[in-house]
Amino acid sequence: MTRLGGAALILGLALLWAGGVRAEGLRILSLDQCADQYALALSGPDDRLFLSPRADDPDSRMGAQAAGHARVRPTLEAALVARPDVVIRYWGGEPRLLAALERGGVTIAGIDDATDFDGVRANVRRVAGVLGREDQGRLLVADMDERLARAASARASGSALYMTAGGFTAGDRTMVGAVFRAAGLRSLSPSPFFAPVSVERLLLEPPARFVLAFYDQVRADWRGPGRHPALRRLMGERTVTRLPAAVMGCPAWFAAEAAETLAAQAARASRP
């Protein structure tokens with residue numbers, strides 16, 4: 001697209017948004033799969049949703065609820081068609097699109113890269129507030145807190161190494177670390193952030209327990225380090241649980257489901 005064409009689109013967006021008349025419900029544009037989860041969970045019955053192309057992928061926690069809603073790519077052209085009142089984003093949308101949205105006076109509800117459940121609470125409250133759905137936001141937070149309480153009541157303990165099929169682990173300063181802490185476990189990651197795992201080192205110095213995630217995505221990372229045949233044998237009797245991608249791919253309330261599952265499985269595995 002030429003610079004002139006881009007400028008014309010930005011101008012068109014501004015004119016449409018400035019002159020548009022608000023319908024009864026909101027027009028909500030979601031720019032990525034994580035934003036889809038928030039849009040689906042917090043929108044009202046009269047709102048019109050424009051979701052990302054991945055809204056109903058197998059690793060989408062709210063995928064079943066995405067049926068019947070429009071799918072659009074995070075582009076200026078799609079925004080011109082959607083004419084959103086509110087845009088929700090985690091990582092999606094290029095700078096040019098975001099600049100055009102802001103110039104058009106569109107409210108952008110950003111989802112922060114939370115590394116603990118307080119951050120998730122803030123994300124839910126922020127998006128719920130922008131959408132005027134504070135009561136629904138409180139329900140999501142209450143459900144999350146109930147799951148966290150059940151995770152704590154399992155009284156699991158010990159340590160484990162988190163690992164993905166792509167060969168990555170995660171430490172304390174990530175949402176994965178928050179899930180581990182909520183489940184009563186200590187992460188054995190050598191890094192406080194996300195880091196690649198050395199297959200050779202794991203085979204020489206294997207951890208007592210693994211927590212696997214994203215292994216349900218059969219077509220993704222099918223040749224990743226985490227699927228190495230020697231590792232699969234090692235993991236055979238050392239895996240505490242397998243967490244589905246749908247609860248691990250987004251800093252959202254359903255990360256508490258992962259904590260609850262992990263705590264229950266870890267407590268069960270430690271019983272004599």
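Note that the structure is a prediction, hence the values are computed from the model and not measured.

Novice: Explain the sheet that holds strand β2 (residues 48-51) to me, please; I cannot follow it from the model alone.
Specialist: Within a sheet, each strand pairs with its neighbour through backbone hydrogen bonds, oriented either parallel or antiparallel. Overall, parallel pairing links the 5 strands, which are arranged β3-β2-β1-β4-β5 in an open sheet. Each of the sheet's edge strands pairs with one partner strand only, and the pair in question is β3 (70-71) and β5 (107-110). As defined by bridge partners, strand β4 (residues 86-89) adjoins β5 across 4 bridges and the pair is classed as parallel. When the bridges of β5 are listed, V86 appears paired with T107. Sheet contacts for helix α2 (residues 33-42): β1 (27-30), β2 and β4; angle to β2, the most-contacted strand, approximately 165°. Together, β1, β4 and β5 form the strand contacts of helix α5 (residues 117-131), whose direction differs from that of β5 by roughly 160°.

Novice: Teacher, can you tell me more about the sheet that holds strand β11 (residues 239-243) here?
Specialist: If you trace the 4 strands from one edge of the open sheet to the other, you get β8-β6-β10-β11, paired in parallel fashion. Edge positions in the sheet fall to β8 (186-187) and β11, since each of these pairs with one other strand and no more. Sheet topology places strand β10 (residues 210-213) next to β11; 4 bridges connect them, and they run parallel. Counterpart to V211 in the pairing with β11 is T241. The strands touched by helix α7 (residues 175-183) are β6 (159-164), β8 and β10; relative to β6, the strand with the most contacts, the crossing angle is about 145°. Helix α11 (residues 255-270) rests against β10 and β11 of the sheet, and its axis sits at about 160° to β11.

Thresholds applied
- Residues numbered from 1 in each chain as written.
- Predicted model: local features only at pLDDT ≥ 70, side-chain atom pairs only at ≥ 80, totals over all residues.
- Heavy atoms only, no water.
- Pairing = 2+ DSSP bridges.
- Helix = DSSP H or I, 4+ residues; strand = E, 2+ residues; numbered from the N terminus.
- Contact = heavy atoms within 4.5 Å.
- Axes fitted to C-alpha atoms, helices over the stretch in contact; angles between N-to-C directions.

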